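Here are the chains, one letter per residue:
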2 protein chains.
Amino acid sequence: MVKTKDQETVRRGRPGYDQQSVLNVAVGVFNKHGYEATSMGILAENLGISKSAIYHHVPSKGDLLRLALEEALGSLEAVLENPSASVGRADARLEFVLRGTVQVLCDKLPYVTLLLRLRGNTEIERDALERRRTFDHTVAELVDAARTEGSLRGDIDPRITARLLFGTINSIVEWYKPGGPLTPQKLADDLIAMMFDGLHLPAAARVIA
Amino acid sequence: MVKTKDQETVRRGRPGYDQQSVLNVAVGVFNKHGYEATSMGILAENLGISKSAIYHHVPSKGDLLRLALEEALGSLEAVLENPSASVGRADARLEFVLRGTVQVLCDKLPYVTLLLRLRGNTEIERDALERRRTFDHTVAELVDAARTEGSLRGDIDPRITARLLFGTINSIVEWYKPGGPLTPQKLADDLIAMMFDGLHLPAAARVIA
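All figures in this text were calculated on a predicted structure; none of them were measured in a lab. (Residues numbered from 1 in each chain as written. Chains lettered and ligands numbered in written order. Predicted model: local features only at pLDDT ≥ 70, side-chain atom pairs only at ≥ 80, totals over all residues. Heavy atoms only, no water.)

Draft legend 1. Focus on the relation of the copies chain A and chain B. Take chain A, turn it by 180 degrees, move it 0.0 Å along the axis, and it overlays chain B with an RMSD of 0.0 Å. On this basis, the relationship between the two copies can be described by a two-fold rotation axis. A shared interface surface links the copies, since 100% of the contact residues of chain A are contact residues in chain B too. (Least-squares fit on C-alpha atoms with pLDDT ≥ 70 in both. Contact = heavy atoms within 4.5 Å.)

Draft legend 2. Main features of the packing of helix 2 (residues 19-33) of chain B against helix 5 (residues 61-81) of chain B. Residues and elements named next belong to chain B. With their axes 10 Å apart at the nearest point, helix 2 and helix 5 run at an angle of 95 degrees to one another. Taken together, the axes of helix 2 and helix 5 lie roughly perpendicular to each other. Each of Gln19, Gln20, Val22, Leu23, Ala26, Val27 and Phe30 in helix 2 lies in contact with helix 5, whose residues at this interface are Lys61, Leu64, Leu65, Leu67, Ala68 and Glu71. A class-by-class count of the residues in the contact of helix 2 with helix 5 yields nine nonpolar, two polar and two charged. (Axes fitted to C-alpha atoms, helices over the stretch in contact; angles between N-to-C directions. Helix = DSSP H or I, 4+ residues; strand = E, 2+ residues; numbered from the N terminus. Parallel < 35°, antiparallel > 145°, perpendicular 65-115°, else oblique. Nonpolar A, V, L, I, M, F, W, Y, C, P; charged D, E, K, R; others polar.)

Draft legend 3. Here's a closer look at the interface of chain A and chain B. With 35 residues of chain A in contact, the opposing surface of chain B contributes 35 residues. The contact between chain A and chain B buries some 3300 Å² in all, and 60% of this surface belongs to carbon and sulfur atoms. Considering only the surface of chain A that becomes buried against chain B, Arg153, Leu199 and His200 of chain A emerge as the three largest contributors, covering 22% of it. Counting across the interface, chain A meets chain B through zero salt bridges. For the side of chain A that touches chain B, the secondary-structure elements that each account for two or more residues are helix 2 (19-33), helix 9 (158-170) and helix 10 (184-197) of chain A. Per element, the largest residue contribution to the side of chain A that touches chain B is eight residues, and it comes from helix 10 of chain A. Partitioning the side of chain A that touches chain B into residue classes produces 15 nonpolar, nine polar and 11 charged. (Buried area = accessible area lost by both parts, 1.4 Å probe. Salt bridge = Lys/Arg side-chain N within 4 Å of Asp/Glu carboxyl O.)

Draft legend 4. Broad picture of helix 10 of chain A. The end-to-end C-alpha distance of helix 10 of chain A, which contains 14 residues, comes to 19 Å, matching closely the 20 Å that a straight helix rising 1.5 Å per residue would cover. The element helix 10 of chain A is largely enclosed, with a buried count of 10 among its 14 residues. Buried within helix 10 of chain A we find Pro184, Leu187, Ala188, Asp190, Leu191, Ile192, Ala193, Met194, Met195 and Phe196 of chain A. In the core, the buried residues of helix 10 of chain A are packed alongside helix 6 (90-107) and helix 9 of chain A together with helix 9 (158-170) and helix 10 (184-197) of chain B. (Expected span 1.5 Å × (residues − 1). Buried < 20%, exposed > 50% of the residue type's maximum accessible area, 1.4 Å probe, protein only.)

Draft legend 5. Region of the structure containing the UniProt feature "DNA-binding region" (unreviewed entry) in chain A. As recorded in UniProt, the sites labelled "DNA-binding region" (unreviewed entry) are residues 39-58 of chain A. Along residues 39-58 of chain A, the helical share is 75% and the strand share 0%, with 14 Å between the first and last C-alpha atoms. (UniProt positions renumbered as here; feature names shortened; annotations may be inferred.)

Draft legend 6. Just the environment of Ile156 of chain A, in detail. Looking at where Ile156 of chain A falls in the secondary structure, it is placed in the loop between helix 8 (123-148) and helix 9. Here Ile156 of chain A falls in the buried class, since its relative accessible area comes to 1%. Each residue touching Ile156 of chain A, except ones within four places of it in the same chain, is listed here: Arg147 and Thr161 of chain A together with Lys186, Asp190, Ala193 and Leu199 of chain B.

Draft legend 7. Broad picture of the side chain of Thr101 of chain B. Residue and element names in this part refer to chain B. Secondary-structure assignment places Thr101 in helix 6 (residues 90-107). The class of Thr101 is buried, set by a relative accessible area of 2%. At a separation of 2.7 Å, a polar atom in the side chain of Thr101 contacts the main-chain carbonyl oxygen of Val97. Excluding anything up to four places from it in sequence, Thr101 contacts Leu76, Val79, Phe135 and Ile169. (Polar contact = N/O pair within 3.5 Å; in protein donor to acceptor, adjacent residues only side chain to side chain.)

Draft legend 8. Layout of the packing of aromatic side chains. Per the stated rule, a full pass over the model turns up six aromatic pairs over all chains. A centroid spacing of 6.3 Å and a plane angle of 80 degrees characterise the contact between Trp175 of chain A and Tyr176 of chain A, whose relative ring orientation is edge-to-face. We note that Trp175 of chain A, like Tyr176 of chain A, is buried. When the centroid spacing of 6.3 Å and the interplanar angle of 55 degrees are considered together, the rings of Phe135 of chain B and Phe166 of chain B count as tilted. With Phe135 of chain B in helix 8 (residues 123-148) and Phe166 of chain B in helix 9, the pair connects residues that are 31 residues apart, well separated along the chain. The class for Phe135 of chain B is buried, based on a relative accessible area of 4%. (Phe/Tyr/Trp six-rings, centres within 6.5 Å; stacked < 30°, edge-to-face > 60°.)

In structure tokens:
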């Protein structure tokens, strides 16, 4: 029987856990209690293993945080590295990046939630916030480029536009249920429809109706 | 010399503080440390007065929370009680309510922030969350009515539409600076422009440009 990669990884760690599954549980606990309020003892309790068994998977609580933030930030940065983010009209590139961001939020919901709630109290947190700012800055530049090419309205300050776009998209971590009837694709369609074209039916469509 | 209401209120309380100014400081501390993690001792330290001096203004920490949430919820509910929220076309009523919500968020930023971060661990918090749900439900009904009258697009589920509207508006508590160059009125204009008409320039405007 061919073993899957997951089975191999489990085999190398403690019975029942590999690093990824320890991380999944840890991220849930961090989101519930806050990173700082979470001790290795609380983590061990939630995992149902001893503290020393956790150290078998990761050297410290900080490493769990670093790995978790890498999962969120690495996925977001991969969206920007796709050629569709850098080739073509700016509004199409912006739409591609926003759709990709929604997909990452839905796929890695607890990881992105952790990233969005960071306060920057430690070096690891500050590094992550710096990478998030760089990501946000790149999107703000796309907004600027789309305004300059004349495809986005010019009466809203581009920095405010970028904040509203991120505010709208990031708010989905508060309510989105992965695996439910609303797929990430339909959610991205809805968000792009509202943000780019607005909720109002065009006057023309209203006359026809 | 005619005394203002504020001076009268201060005179009745401890020197330098009235209930409202104790509340302002308490809300800031709750938002920084979390309500549960804030002890009366931490509050006293931030106010620069003794614990017993706080009890001169309010009977308990719970009363501070209740008063603070009342300030946010009472202001939001007052928007719905305005005749403009119940008379006329549904899309105009919805726009009125969303503009009023933005104004309350900007005017009472720390109070609304406290409301938005509630977890519902106590009776006071659960009551506040219930009132917030009722508010949200009324707005969702307006979205529904606007769809039915044919002024809002029908391809987005009205519950998702309501969530996106609130997500967008509520996200401003994360970055809005009261008293800065962006007035609540201009922010409301920007939000309504994006949410109702979209960021894309209409094709007609682009042809002209």
